[in-house]
Amino acid sequence: MSLTIYSTLSGKKEVFTPREPGKIGLYVCGITVYDYCHIGHARVLVAFDVISRFLRSQQWQVHYVRNITDIDDKIINRAQENSEPYTDLTSRYIEYMHEDEKALGILPPDTEPRATAHIADIIAMIETLIAKDYAYQAGNGDVYYRVSRFAEYGKLTNKDPEQLLAGARVEVDSAKEDPRDFALWKFASEQDVGWDAPFGRGRPGWHIECSAMSKACLGAHFDIHGGGPDLPFPHHENEIAQSEAANGCQYANYWMHAGAVRLDGEKMSKSLGNFFTIRDVLKQYHPEVVRYLLISSHYRSPINYSEENLVEAKAGLDRLYSALRGYEDVPATSLSDLSGSEFYQKFVAAMNDDFNTRVALAVMFDLVRALNSAKGGADAEPLVGALKAMGELFGLFGCAPDTFLQSAGESDMAADAVEVLIAERAQAKRDKNFARADEVRDQLLAAGIVLEDSPEGTKWRREG
């Protein structure tokens, strides 16, 4: 089962060929840390978390790099608004970002470079571009990339430079030779945030930061570059132009972009003011419900964020957790022992097909149906072990089934109160007072508590 990846660069699925056998260098554009992370950020973070987990499970040696942009005009402006040093602002929001990632079960990348730690690398790359005539210093002290010198500009988004210019917000600046040119270095006075460089004091532009950090961490040429849906132009297009001009080689072999998160059909973004922060969402929903929602669609597909879809995600996760009840002590099967499992083979085939989590989840539900039929028999435990192994690859099943199924949701009835009513119902049934037993069941259902009777007793869960 060969790994295939849809590359934005070619516009089609390609059989993945690593630069070095068995190894993958993966760079993903991370967060600009001036505010809380929102659910759109979570979509990208979770998508590449699942991708890196799966690749490692298939014995790929992955070096996953996800950067932090900790110097940027937005950061400086926000710090000035707050009357605080920009370093205090970024330190605080980096800590918040890590808290959000941990809450969502997102594993840390292997390397997490910060732009401010790579200023020397940025300056060196700009010097190279100036020496090669791909960059110039304007009269205002800024250094710009000369787009007209890079013949392949626009190859990622498959449009010629004139089309890109017409469709993009290009910073108007009379100091530029060409309105398409973009800033590599922005002049800064002694009173402004900045660093000394051969071409004058200043701070880096956004695009050059990623080119310098990816090269420092993975080399001039690496396997996969990923990011969010808003990055192909101009950010990634500009990264390609400056990196390939400076380094004289192809930048990344494959380009992966996660789909957008939408709210009522509109793109969710800070600029539109229609975004939800991760921590606000997690006040209402269990982290695994949010994670499940984000992986229930293919990573390239847009997701519609809505209460209805979150309730549906909770219901899907309830089905998975309910199947594991009674098997808390059964461990996840070692992946090396799953090669003979038909379900696992189908799961891996789905994930090798451009990381199709939607199809892989469908395989897990096929397994649940088989498990529910086999419960109590000798075939059940191997199915449980396989289901847990698949769930762990998706970052699920971090709770005991009862802990998840009984966690606070729409119902705010305390667990102790639920147990008291269940005990009363059981006594009513023993007394053959079936009318009272039915009243208790209806009372609990009205409070969002679903009872599940079995020969072993009564289990309960909260509705999504």
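Structure: see above.
From a predicted model like this one, the values you see are computed outputs, not experimental measurements.

What counts, and at which threshold
In every chain, residue numbers begin from 1 and rise along the written sequence. Only residues with pLDDT of at least 70 get local features here, since the model is predicted, and only at 80 or more are side-chain atom pairs given and counted; chain-wide, interface and lining totals rely on the full set of residues. Derived side-chain values reflect all non-hydrogen atoms in the structure, with water molecules and hydrogen atoms excluded from consideration. We count a stretch as a helix when DSSP gives it H or I for four or more residues in a row; a strand needs E for two or more, and each element gets its number in order from the N terminus. Using a 1.4 Å probe on the protein chains alone, a residue whose accessible area is under 20% of its type maximum counts as buried, one over 50% counts as exposed, and one in between counts as partly exposed. Pairs of residues are marked as contacts when any of their non-hydrogen atoms sit within 4.5 Å. Throughout, the Shrake-Rupley method with a 1.4 Å probe supplies accessible areas, and for residues the shown protein chains are the sole cover considered. By the counting rule applied here, Lys and Arg register as positive and Asp and Glu as negative, while His and the ends of each chain are not counted. In plain terms, the charge of a residue is placed at NZ if it is Lys, CZ if Arg, CG if Asp and CD if Glu. An axis is simply a line fitted to the C-alpha atoms; with a helix, the fit covers only the stretch in contact. Between two such axes, the angle follows the N-to-C directions and lies from 0 to 180 degrees. Relative orientations are named as follows: roughly parallel for angles under 35 degrees, roughly antiparallel for angles over 145 degrees, roughly perpendicular for angles from 65 to 115 degrees, and oblique for any other angle. Crossings are classed by handedness, with left-handed meaning an anticlockwise turn of the near helix from the far one by less than a right angle and right-handed meaning a clockwise turn. Think of it as three bins: nonpolar holds Ala, Val, Leu, Ile, Met, Phe, Trp, Tyr, Cys and Pro, charged holds Asp, Glu, Lys and Arg, and polar takes everything else, Gly as well. Strands were regarded as paired on the criterion that DSSP finds at least two bridges between them. By convention, a crossover is right-handed whenever its connection, traced from the first strand over the helix to the second and viewed with the strands pointing away, goes clockwise. Only buried residues count toward a nonpolar core, which is a set of Ala, Val, Leu, Ile, Met, Phe, Trp, Tyr and Cys residues joined through side-chain atoms within 4.5 Å. Each aromatic pair joins two rings of Phe, Tyr and Trp (for Trp, the six-membered one) with centres within 6.5 Å, and gets the label stacked for planes under 30 degrees apart, edge-to-face for over 60, and tilted for any other angle. Pairs of N or O atoms within 3.5 Å make up the polar contacts considered here, provided that, within protein, one atom can donate a hydrogen while the other can accept it, and that residues adjacent in sequence are counted only when both atoms are side-chain atoms.

A. Molecular detail of the overall build of the protein. Looking only at helices and strands, the protein has 16 helices and 15 strands in total. Counting all 464 residues of the protein, 53% fall into the buried class. Across the protein, every contact between residues at least 6 apart in sequence was considered, and the portion connecting residues at least 24 apart equals 74%. Element-wise, carbon and sulfur atoms account for 48% of the exposed surface of the protein, whose accessible area totals about 20,600 Å². Of note, the protein has its 49 positive side-chain charges centred 3 Å away from the centre of its 69 negative side-chain charges.

B. Representation of the packing of helix α10 (residues 307–324) against helix α13 (residues 380–393) in the model. Relative to each other, α10 and α13 sit at 140 degrees, their axes nearing to 10 Å. With respect to α13, the axis of α10 lies oblique. Taken as a pair, α10 and α13 cross one another with a handedness that is left-handed. Where α10 abuts α13, its residues L320, A323 and L324 lie against V384, L387 and K388. Of the residues belonging to the contact of α10 with α13, the class tally is five nonpolar, no polar and one charged.

C. Spatial organisation of the pairing of strand β3 (residues 23–32). Most of β3 is tucked away: eight of the 10 residues are buried. Relative to strand β4 (residues 61–69), β3 is paired through eight bridges, and the arrangement is parallel. When the sheet's bridge partners are listed, Y27 is paired in β4 with V65. With helix α1 (residues 39–57) bridging β3 and the parallel β4, this β-α-β connection has right-handed handedness. Bridge analysis of β3 against strand β9 (residues 222–227) gives three bridges, and the strand direction is parallel. Its bridge partner being in β9, L26 is matched across the sheet by I224.

D. Looking closely at the sheet that holds strand β6 (residues 143–145). Taken together, the four strands give an open sheet; going across it, the order is β5-β6-β7-β8, and neighbouring strands pair in antiparallel fashion. Looking at strand neighbours, the two that pair on one side only are β5 (135–137) and β8 (202–204), the edges of this open sheet. Direction aside, neighbouring strands of the sheet carry axes that sit 20 degrees apart on average. With three bridges connecting them, β5 and β6 associate as antiparallel partners. Considered in β6, the bridge of A135 is made with Y145.

E. Structural detail: the sheet that holds β4. Here four strands make up an open sheet; going across it, the order is β4-β3-β9-β10 and the pairing parallel. The open sheet terminates on both sides in strands that have one partner only, identified here as β4 and β10 (252–257). The average undirected angle you get between the axes of adjacent strands in this sheet is 20 degrees. This element, helix α6 (residues 206–218), spans β3, β4 and β9 of the sheet and lies at about 150 degrees to β4.

F. Geometry of the nonpolar core. Within the largest apolar cluster, 131 residues are counted, with the highest numbers of intra-cluster contacts made by L129, Y145, F347, F355, L387 and F394. With sequence-adjacent residues up to four places away left out, F394 is seen in contact with V50, R291, I295, F347, M351, T357, A360, L361 and M364.

G. Fine view of the packing of aromatic side chains. Under the criterion given, the structure shown has 19 aromatic pairs. The interplanar angle of 20 degrees and the centroid separation of 6.2 Å between the aromatic rings of Y134 and Y145 together place this pair among those described as stacked. Note that Y134 is positioned in the loop between α4 (119–131) and β5 and Y145 in strand β6, a separation of 11 residues in sequence. Looking at Y134, the relative accessible area reads 15%, which means it is buried. On the basis of relative accessible area, Y145 is assigned to the buried category, the value being 0%.

H. Quick look at helix α11 (residues 342–352). Of the positions making up α11, those classed as buried are Y344, F347, V348, A350, M351 and N352. Against the buried residues of α11 lie β1 (4–7), α1, α12 (357–374) and α13. A positive backbone phi angle near 55 degrees is found at D354, which sits one or two residues after α11.

I. A look at the environment of E99. Here E99 is to be found in helix α3 (residues 86–103). On the basis of relative accessible area, E99 is assigned to the partly exposed category, the value being 38%. Between the C-alpha atom of E99 and that of I303, which follows or precedes it by 204 residues, the distance is 23 Å.

J. Fine view of unusual backbone geometry. The linkage connecting F233 with the following residue, P234, adopts the cis geometry, with an omega of 5 degrees. As for its placement among the helices and strands, P234 is situated in helix α7 (residues 232–247). For Q59, which is not glycine, the phi dihedral falls at a positive 75 degrees. Note on placement: Q59 falls in the loop between α1 and β4. What makes Q59 exposed here is its relative accessible area of 66%. Of note, S83 is a non-glycine position whose phi angle comes to about 55 degrees, a positive value. Assignment of secondary structure puts S83 in the loop between α2 (73–82) and α3. The exposure class assigned to S83 is exposed, which follows from its relative accessible area of 68%.

K. Expanded view of the side chain of R291. Residue placement: R291 occurs in helix α9 (residues 287–295). In this structure the side chain of R291 is engaged in a polar contact, spanning 2.5 Å, whose partner is the side chain of D49. In this structure, R291 is in contact with V46, D49, V50, R53, L104, G105, I106, F394, G395 and L396, ignoring residues within four places of it in sequence.

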